[in-house]
Amino acid sequence: DAGVTQSPTHLIKTRGQHVTLRCSPISGHKSVSWYQQVLGQGPQFIFQYYEKEERGRGNFPDRFSARQFPNYSSELNVNALLLGDSALYLCASSLAQGRRANYGYTFGSGTRLTVV
Amino acid sequence: EDQVTQSPEALRLQEGESSSLNCSYTVSGLRGLFWYRQDPGKGPEFLFTLYSAGEEKEKERLKATLTKKESFLHITAPKPEDSATYLCAVQAGNAGNMLTFGGGTRLMVKP
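Residues numbered from 1 in each chain as written. Chains lettered and ligands numbered in written order. Predicted model: local features only at pLDDT ≥ 70, side-chain atom pairs only at ≥ 80, totals over all residues. Heavy atoms only, no water.

Okay, the overall build of chain B next. Broken down by element type, chain B carries zero helices and 11 strands. Along the chain direction, N to C, the helices and strands of chain B fall in the order β-β-β-β-β-β-β-β-β-β-β. Over its C-alpha atoms chain B spans a radius of gyration of 13 Å, differing by no more than 12% from the 13 Å that the globule rule assigns to 111 residues. For the C-alpha atoms alone, the extent of chain B along its principal axes is close to 45 × 30 × 20 Å. (Helix = DSSP H or I, 4+ residues; strand = E, 2+ residues; numbered from the N terminus. Rg over C-alpha atoms; globule rule 2.2 N^0.38 Å.)

Shown next as structure tokens:
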């Protein structure tokens, strides 16, 4: 079975540009979350989508946006890139969303974004 | 605000030298505490989920335990292949499905 797939794996952008990152969840998983991981730190929550609706948003500026498609894949968009946006962007998929934390999160390998 | 603090930040062990990693947390209504392993340039790999104080889980040389304030990841007789960053994360009752991560512990096991 394919795991969580993210594309591209690496990306170099210039300040002020925009970027679109893509994520395909594990087959059957309806929930997708996005995390930003700056080098040497733990991942930080950006968004969660379930059944195409936003179910959670972290403390990130409006330059960050995302959406989920009918096939449950997802895109993360970042506008007006800053040097500080350089990070590993991780996508995690989960079977469902529920009150109990027994829906495990499977992470992809991430997209390494470098802003110059 | 939910907070997760991991210690030490880095740990160097000789092969076979057992040790423990600490994850201290403050959270409004813990729904779950997660341990992940992360290799350089890769995404986190799921290890354990713990739900309530007193719970323990084991997998090969790893054992995770949970109290009301902290979790420990015990590594017994580690091997060089156990070298990685170990991440702890909590899911709070009032925070939807988001995970709040600690900064991680970078473990290096020397042969």
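This part is about the interface of chain B and chain A. Taken together, the contact between chain B and chain A spans 20 residues of the former and 21 residues of the latter. Around 1700 Å² of area is buried between chain B and chain A when both sides are counted, 52% of it from carbon and sulfur atoms. Counting the surface chain B buries against chain A, the share from its top three residues, Y51, N97 and F101 of chain B, is 32%. Our enumeration of links across chain B and chain A arrives at four residue pairs in polar contact (both at pLDDT 80 or more). Elements with a contribution of two residues or more to the side of chain B that touches chain A: β4 (30-38), β5 (45-50) and β9 (84-92) of chain B. Here the side of chain B that touches chain A gets five residues from one element, more than from any other, and that element is β4 of chain B. Its residues placed into classes, the side of chain B that touches chain A shows nine nonpolar, nine polar and two charged. (Contact = heavy atoms within 4.5 Å. Buried area = accessible area lost by both parts, 1.4 Å probe. Polar contact = N/O pair within 3.5 Å; in protein donor to acceptor, adjacent residues only side chain to side chain. Nonpolar A, V, L, I, M, F, W, Y, C, P; charged D, E, K, R; others polar.)

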